[in-house]
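Chains, contacts and geometry: an overview
Here is what each chain is made of, one letter per residue.
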Amino acid sequence: MLAVKGVASPLVGAQPTCRIYQKPTLYPPGHGFGLKDFSEISLAGDRPFPPFLHRSKRDEEGIIEEPCGEQEVIDEMCRIVIRDMDQFGVCVVDNFLGYKRGMSVLQEVTGMYTKGVFKDGQLVSKKVKNDLKTIRGDQITWIDGKDESCKNIGLLISQVDAIILRANKMANNGKIGNYTINGRTKAMVACYPGHGTHYVKHVDNPNKDGRCITAIYYLNRDWNIQQNGGLLRIFPEGWQDKVADIEPFFDRILFFWSDRRNPHEVQPAFKTRYAITLWYFDASERQEACRRHKTEMEAQASESNNIVNKTSSGES
């Protein structure tokens, strides 16, 4: 079958982009990773790339190439995100900031990594007993983008905010309209330092913690998926025998639902791999999650006090 490939970026040379594959057969441990194990399929019609892959209209400087203006481009991107999230649960936009702005973000990220501010990533569940590194091998730091040293990351954050908040309030906004989005996390800046570091198949929000949309911005120049690995594989609910493979290419942004509709994994990376992730909250689910957390903390505190009191009184 023919691979489904995207239009090559003139900034980074010819390269494959997103693909849709049939779900893999489960192989025994040690079989290894590789695209050769998965049957490639074509999509209906003559469109030469997956329908959830798009390219923004920015030039190398990050300026809009057409005289329509920034707001009109944001509105168009919102409509694309709404449509693709409704139909596929996934949306990808290349050339999101433009080459120079993307490079400025990358320089800020590598500068932070050089300073040693990144820490090992943690798991949502505290009950997992496996060695953390066998599950998740990235190193992360959380920032708000307000410091002068990361003003370009702040620009990225503001651009993503503009799209998500605008899409949430537009007319005919599909499934995004089911949420009230008025908050998000700080930006999680992540580095997989090569050496086969990975993140096993997981769901961002398996426990209704409020996160409804995941946005990931990639910063990896000259990335060769065959040599460098680091593929993001999504297993979208309702896709039956297909998966979405997203290469972590420079200046690419990815949106997808954060809940159980989109289990995903980061396959082993053999070259340093950078990404910035934002999670957007649904107000009502987040409020309920905070209430639930407060109740659990109060119950734990009460139980601890009871134990202390019994110990003090000599009860066994």
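Since the model is a prediction, treat every value here as computed from it, not as a measurement. (Residues numbered from 1 in each chain as written. Predicted model: local features only at pLDDT ≥ 70, side-chain atom pairs only at ≥ 80, totals over all residues. Heavy atoms only, no water.)

1. Points about the packing of helix 1 (residues 70–87) against helix 4 (residues 151–169)
Rule in force here: Only the contacting stretch of a helix is used when fitting its axis, a line to C-alpha atoms as for every element, and angles between N-to-C directions run 0 to 180 degrees. Helix and strand assignments come from DSSP, with helices taken as H or I runs of at least 4 residues and strands as E runs of at least 2, each series counted from the N terminus. Helix crossings are classified by the rotation of the near helix relative to the far one: an anticlockwise turn of less than a right angle makes the crossing left-handed, while a clockwise turn makes it right-handed. The contact definition used throughout considers only heavy atoms, calling two residues in contact when any of these lie within 4.5 Å. Residue classes follow a fixed rule: Ala, Val, Leu, Ile, Met, Phe, Trp, Tyr, Cys and Pro count as nonpolar, while Asp, Glu, Lys and Arg count as charged, and any other residue, Gly among them, counts as polar.
The interhelical angle for the contact between helix 1 and helix 4, taken along N-to-C directions, is 60 degrees, at an axis separation of 9 Å. The two elements helix 1 and helix 4 cross, and the hand of that crossing is right-handed. From helix 1, E70, Q71, I74, D75, M77, C78, V81 and I82 reach across to helix 4, where they touch Q159, A162, I163, R166 and A167. Looking at the contact of helix 1 with helix 4 residue by residue, the classes come out as eight nonpolar, two polar and three charged.

2. Some remarks on the packing of aromatic side chains
Aromatic ring pairs: the centre-centre distance and the angle between the two ring planes describe each pair. We apply this condition: Aromatic contacts are taken between Phe, Tyr and Trp rings whose centres are within 6.5 Å, Trp giving its six-membered ring; a plane angle under 30 degrees counts as stacked, one over 60 as edge-to-face, and the others as tilted. Ring-over charges, as used throughout, are those where CZ of Arg or NZ of Lys falls within 6 Å of the ring centre and within 35 degrees of the ring normal.
Taken as a whole, this structure holds nine aromatic pairs when the rule is applied. Judged by centre distance (6.5 Å) and plane angle (80 degrees), the ring pair of F88 and W239 falls under edge-to-face. Taken together, the positions of F88 in the loop between helix 1 and strand 3 (90–94) and W239 in the loop between strand 10 (232–234) and strand 11 (242–246) put the pair 151 residues apart, joining distant regions of the chain. Taken together through their ring pairs, the aromatic side chains of F52, F88 and W239 make up a single cluster. Across the ring face of F235, the terminal group of K201 is positioned such that the distance to the ring centre comes to 4.2 Å. The aromatic ring of W279 is capped on one face by R211, whose charged end is 4.9 Å from the ring centroid.

3. Examining the environment of K271
By the element assignment, K271 lies in the loop between strand 13 (264–269) and strand 14 (272–282). Taking the C-alpha atoms as reference points, K271 and T197, 74 residues apart in sequence, are found 9.2 Å from one another. If near-sequence neighbours (up to four positions away) are discounted, K271 is found in contact with Y192, G194, R221, D222, W223 and N228.

4. What about the nonpolar core?
Quick reminder of the rule: Nonpolar core, defined: a set of buried Ala, Val, Leu, Ile, Met, Phe, Trp, Tyr and Cys residues in which side-chain atoms within 4.5 Å join the residues together. Burial status follows relative accessibility: with a 1.4 Å probe on protein chains alone, a residue under 20% of its type maximum counts as buried, one over 50% as exposed, and anything between as partly exposed.
Counting 47 residues, the largest nonpolar core has F96, V109, V160 and F255 as the members making the most contacts within it. For this core, the secondary-structure elements that each account for two or more residues are helix 1, strand 3, helix 2 (99–114), helix 4, strand 7 (187–193), strand 9 (211–218), strand 12 (253–257) and strand 14. Apart from the residues within four sequence positions on either side, F255 is in contact with V81, M85, G89, V90, C91, V160, I163, I164, T214 and A215. Core analysis: the second largest hydrophobic core is formed by 21 residues, F88, L123, A269 and A275 among them.

5. What to know about the environment of K151
Formally: Two N or O atoms count as a polar contact when they lie within 3.5 Å, although within protein this holds only if one can serve as hydrogen donor and the other as acceptor, and sequence-adjacent residues are included solely when both atoms are side-chain atoms.
With respect to the helices and strands, K151 occurs in helix 4. Separated by 47 residues in the primary sequence, K151 and S104 place their C-alpha atoms 9.2 Å from one another. Apart from residues no more than four positions distant in its own chain, K151 is found in contact with E108 and G145. A distance of 3.5 Å separates the side chain of K151 from the side chain of E148, its partner in a polar contact.

6. Focus: helix 4
Here is the rule: Expected span of a helix: the number of residues minus one, times 1.5 Å.
An ideal rise of 1.5 Å per residue puts 27 Å on 19 residues; helix 4 measures up with 27 Å between its terminal C-alpha atoms. Among all positions of helix 4, only N152, I153, G154, L156, I157, Q159, V160, D161, I163, I164, A167 and N168 are buried.

7. With respect to the environment of G177
Mapping G177 onto the fold places it in the loop between helix 4 and strand 6 (181–184). Judged by relative accessible area, which is 36%, G177 ranks as partly exposed. In the structure, G177 is positioned 10 residues away from A167 in sequence and 8.1 Å away in space, judged by C-alpha atoms.

8. Focus on helix 1
Look at helix 1: 26 Å from first C-alpha to last across 18 residues, which is about the 26 Å you get at 1.5 Å a residue. The complete set of buried residues in helix 1 reads V73, I74, D75, M77, C78, I80, V81, I82, D84 and M85. On its buried side, helix 1 packs onto strand 2 (53–55), strand 3, helix 4, strand 9 and strand 12. A positive phi of about 80 degrees marks G89, the residue just after helix 1.

9. Remarks on the pattern of salt bridges
Just so we agree on the cut-off: Take a side-chain nitrogen of Lys or Arg and a carboxyl oxygen of Asp or Glu: if they are within 4 Å of each other, that pair is a salt bridge.
All chains considered together, the criterion is met by 13 salt bridges. For D94, the salt bridge goes to R252, with nearest N and O atoms at 2.6 Å. Highlighted residues: D94 in strand 3 and R252 in the loop between strand 11 and strand 12, separated in sequence by 158 residues. Here D94 matches R252 in class, with each residue buried. A salt bridge links R291 to E288; the shortest N-O distance between them is 2.5 Å.

10. Quick notes on the packing of helix 2 against helix 4
For the record, the criterion: Orientation is classified from the angle alone, with under 35 degrees giving roughly parallel, over 145 giving roughly antiparallel, 65 to 115 giving roughly perpendicular, and any other angle giving oblique.
Between helix 2 and helix 4, the shortest axis-to-axis distance is 8 Å and the interhelical angle comes to 125 degrees. Comparing their axes, helix 4 and helix 2 come out oblique. The way helix 2 lies across helix 4 gives a crossing that is left-handed. Residues R101, S104, V105, E108, V109 and M112 of helix 2 form the contact with helix 4, whose own contacting residues are K151, N152, I153, L155, L156 and Q159. Its residues assigned to classes, the contact of helix 2 with helix 4 comprises six nonpolar, three polar and three charged.

11. Looking at the confidence of the model for the protein
Selection criterion: Confidence of the prediction at every residue is given by pLDDT, a number between 0 and 100.
Of all residues in the protein, 74% attain a pLDDT of 70 or more, and the chain-wide mean is 81. Within the protein, the lowest mean pLDDT, 61, falls on strand 1 (residues 19–22), and the highest, 98, falls on strand 9. Below pLDDT 50 for its whole length, residues 1–16 participates in 40 contacts with residues either more than four positions away or in separate chains. Residue range residues 24–48 is modelled with pLDDT below 50. Its contacts to residues more than four positions away, or to other chains, number 41 contacts.

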